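If you want the building blocks of each chain, they are given just below.
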Amino acid sequence: MAIVVYFGMAVAFVSIVLVWLWWSTRNSLLTDWPVVGMIPGLLYNASQIHDFTAAVLQQNNGTFVFKGPWFSSMDFLVTSDPMNVHHTFSKNFSNYPKGPDFNQIFDYVGDGIFTVDSDSWIIQRNMIHSLFKDKRFELAVHTSLHQKISECLFSLLDNACKLGNEVDLKDVFQSFTFDHICILLFGMDPKNLSMESPSAPANAFDDITQVFLYRNIVPGVIWKLQRWLQIGEEKKMRKACHTFDNFVENCIQTNQQKEKNINEFDMLTYFLQVEGQKQNLSSKFIRDMVVNLMVAGRDTTSAALFWTFWLISTNPSSQKKILEEMEHHFGSDNNDDKLRFFNFEKMEQLVYLHGVVCEALRFYPSIPFERKVSIESDILPSGHHISKNTKIVYSLYAMGRMKEIWGEDCLEFKPERWISESGGIKHQPSYKFIAFNAGPRTCLGKNLGLLQIKSVVCAILWNYSLHFIEDQNVLPSSSIVLHPKNGLKVRFFKRHAY
């Protein structure tokens, strides 16, 4: 009987402490509590983690130390200081790899270019760099992008116009980029864009990226225990990984078995035939590289497309300027009023559109945070001392909202900040505008991503007017890829008669 009483008292005490911590956390951004550290504040704000982190960084001059629970190894430094970024991403790059914890958290993507360091990273980066320089790849990108827009995207939107249906922009862009990266990788189109809702593999990958964020904000012992017991988020992770692995394996097998025309080109065939002749590539190496490229080619571009259209919709004057710029550069090409797609080379002349896309990425970077770990002790430009094996988290999302970086008008959507006085594109240093990473790890697919985004924006805005359904709550999701939380319902109307 006494044991029951003591147990009841212990449960009551723990409950009171937890309620007290929760109530106290509501009235402050982050408090370092005994035993549990700052975890209560982090978990309480997990649903709005990116805005919360930005607020904390603003309060702490761009850098602060997060204290995790005792003995949890969850202490880390969080920064949005561009000089800290420049120091760790470029000047002292060799001292700040991804680290073993990063590999554990993102274990599903394997030993691909986004998780590995040192020689393996150099080998993969050189392979991908060689691929992107291949003229056949450039032709494949242009051909597949033109075909996917003109035959699939236009068909979907024309049908929506005819029937007056509402369309979810999030689903459209995720399906479009999923199909396009599969065409480039495997030479096959899963036709996700033709479906009423995203396919199981596409949904599975969304689940995987959400669990990645969960692993970043809870102590490792918790998510590893969940993985061992197969409960909670880790149960969802295992199911999603199984679904997506089956899809990737089927795509690889189909690609290797089909007879290819001499003019056909896809990334997998390139790696197997060109790079495979130089070195022995294992099936795991190919699988990991494919998964990493799918992450880059699908999720980051679809997120960027969504936020670009969201910001255009909430800034009508910017949409008008984009259309005027397209009319100025492309109007003379439209002799028979049936031109619905634009020359890729001429698209480089759209300076204002470039500014719009960069502004969207400044506000909503597709990857909202990065993380590294120190090999040796160091002192950051901000004056913070870094010990050996210190974890550092960089909030790219917060960087786009800091007046110390972008000025007093940092919260204003202003594409003009990307246009020089002479009317050309104004480039910003990568450690300030870090949407495509910085230093040696700068994204190799930057130009490809920008081309995809600009092509879709031009194609849609020139041919359709968008009417957004009112009273929709558009917020960024709590994920490692900055997708919207709830999507965005839109009605399309043809802008021209064909």
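A brief report on the enclosed structure follows.

Calculation notes
- Residues numbered from 1 in each chain as written.
- Predicted model: local features only at pLDDT ≥ 70, side-chain atom pairs only at ≥ 80, totals over all residues.
- Heavy atoms only, no water.
- Helix = DSSP H or I, 4+ residues; strand = E, 2+ residues; numbered from the N terminus.
- Contact = heavy atoms within 4.5 Å.
- Core = buried A, V, L, I, M, F, W, Y, C linked by side-chain atoms within 4.5 Å.
- Buried < 20%, exposed > 50% of the residue type's maximum accessible area, 1.4 Å probe, protein only.
- Pairing = 2+ DSSP bridges.
- Axes fitted to C-alpha atoms, helices over the stretch in contact; angles between N-to-C directions.
- Salt bridge = Lys/Arg side-chain N within 4 Å of Asp/Glu carboxyl O.
- 1 Å grid on protein atoms, 1.4 Å probe; cavity = no way out; pocket = protein on both sides within 12 Å on 5 of 7 lines; lining within 4 Å.
- Points joined across faces, edges and corners; volume = space filled by probe spheres on them.
- Nonpolar A, V, L, I, M, F, W, Y, C, P; charged D, E, K, R; others polar.
- Expected span 1.5 Å × (residues − 1).
- Parallel < 35°, antiparallel > 145°, perpendicular 65-115°, else oblique.
- Phe/Tyr/Trp six-rings, centres within 6.5 Å; stacked < 30°, edge-to-face > 60°.
- Lys NZ or Arg CZ within 6 Å of the ring centre and 35° of its normal.

Positionally, Val-373 belongs in strand β4 (residues 369–373). Considered as a pair, Val-373 and Gln-349 are 24 residues apart in the sequence and their alpha carbons are 41 Å apart. Ignoring anything within four residues of it in the chain, the contact list for Val-373 reads Asn-95, Tyr-96, Pro-97, Lys-98, Gly-99, Asn-389, Thr-390 and Lys-391.

A few words on the nonpolar core. Phe-244, Phe-271, Met-294, Phe-309, Met-326 and Phe-492 are the most contacted members of the largest nonpolar core, which totals 152 residues. In terms of residue count, the dominant contributor to this core is helix α13 (residues 283–313) (17 residues). In this structure Met-326 touches Gly-331, Phe-342, Leu-350, Cys-458, Leu-461 and Trp-462, once residues within four positions along its chain are discounted.

Sheet architecture is open: four strands sit in the order β1-β2-β7-β4, paired in mixed fashion. The open sheet terminates on both sides in strands that have one partner only, identified here as β1 (63–66) and β4. If you compare each strand with its neighbour and ignore which way they point, the axes differ by 20 degrees on average. Sheet topology note: the strand β2 (residues 76–79)/strand β7 (residues 391–395) ladder contains four bridges and is parallel. Of the residues in β7, the one forming a bridge with Leu-77 is Ile-392.

Our next topic: the sheet that holds strand β3 (residues 166–168). Here three strands make up an open sheet; going across it, the order is β3-β9-β8 and the pairing antiparallel. Looking at strand neighbours, the two that pair on one side only are β3 and β8 (464–468), the edges of this open sheet. Between one strand and the next, the sheet's axes are offset by a mean angle of 45 degrees, whatever the strand orientation. Sheet analysis places β3 next to strand β9 (residues 489–494), joined by three bridges and oriented antiparallel. Directly across from Val-167, in β9, lies its bridge partner Val-490. Seen against the sheet, helix α19 (residues 446–463) touches β8 and β9 and runs at an angle of roughly 90 degrees to β8.

Take the pattern of salt bridges next. A pair can form between side chains of opposite charge whenever their charged atoms are brought close. Here the structure, examined in full by the defined rule, presents 25 salt bridges. In this structure, the salt-bridge partner of Asp-101 is Lys-391, at a minimum N-O distance of 3.3 Å. Within this pair, whereas Asp-101 is found in helix α5 (residues 100–105), its partner Lys-391 is found in strand β7, the two being separated by 290 residues in sequence. As a salt-bridge pair, Lys-236 and Glu-233 come within 3.3 Å of each other at their nearest N and O atoms. Here Lys-236 and its partner Glu-233 are both found in helix α11 (residues 232–257), three residues apart, which amounts to about one turn of the helix. Note on Lys-236: relative accessible area 28%, which makes it partly exposed. Several salt bridges share partner residues, and in doing so they unite Asp-111, Asp-245, Lys-284, Arg-287 and Asp-288 into one network.

The calculated volume of the largest pocket comes to roughly 740 Å³. Surrounding the largest pocket, 33 residues form its lining, Lys-446, Asn-447, Leu-448, Leu-450 and Leu-451 being those nearest its centre. Going through the elements one at a time, α6 (118–133), α7 (135–163), α15 (344–347), α16 (351–363) and α19 are the ones with two or more residues in the lining of the largest pocket. Split into classes, the residues belonging to the lining of the largest pocket amount to 15 nonpolar, nine polar and nine charged.

In this section: the pairing of β9. Strand direction decides the pairing type here: β8 and β9, joined by five bridges, are antiparallel. Along β9, the bridge assignment pairs His-467 with Arg-491.

Another aspect to go through is helix α9 (residues 200–217). A rise of 1.5 Å per residue sets the reference length of α9, with its 18 residues, at 26 Å; its end C-alpha atoms lie 27 Å apart and thus fit the reference within 8%. In terms of residue burial, α9 counts as a mostly covered element, since 13 of its 18 residues are buried.

Quick look at the packing of helix α8 (residues 169–186) against α11 now. Remark: α8 packs on α11, axes separated minimally by 10 Å, with the N-to-C direction vectors making an angle of 40 degrees. In terms of orientation, α8 and α11 fall into the oblique class. Here Phe-178, Cys-182, Leu-185 and Phe-186 of α8 come into contact with α11, specifically with Phe-244, Phe-247, Cys-251, Ile-252 and Asn-255.

This part covers the packing of aromatic side chains. Under the definition given, this model contains 23 aromatic pairs. Arranged with centres 6.4 Å apart and planes meeting at 40 degrees, the rings of Phe-363 and Tyr-364 form a pair that is tilted. Residue Phe-363 shares its accessibility class with Tyr-364, and that shared class is buried. Centre to centre, the rings of Phe-433 and Phe-436 are 6.5 Å apart; their planes meet at 75 degrees, and the pair counts as edge-to-face. Judged by relative accessible area, which is 10%, Phe-433 ranks as buried. One aromatic cluster is present, built from ring pairs that chain together Tyr-108, Phe-178, Phe-205, Phe-244 and Phe-247. A cation over an aromatic ring shows up here: Arg-362 above the ring of Phe-363, its NZ or CZ 4.4 Å from the ring centre. A cation sits over an aromatic face here: Arg-362 above Trp-406, 5.3 Å from the ring centre.

Attention shifts here to the packing of helix α14 (residues 316–330) against α19. At a closest axis distance of 10 Å, the pairing of α14 and α19 adopts a crossing angle of 95 degrees. As judged from the angle between their axes, α14 and α19 are roughly perpendicular. Contact residues: Gln-319, Ile-322, Leu-323, Met-326 and Glu-327 in α14; Cys-458, Leu-461 and Trp-462 in α19. Residues belonging to the contact of α14 with α19 are distributed by class as follows: six nonpolar, one polar and one charged.

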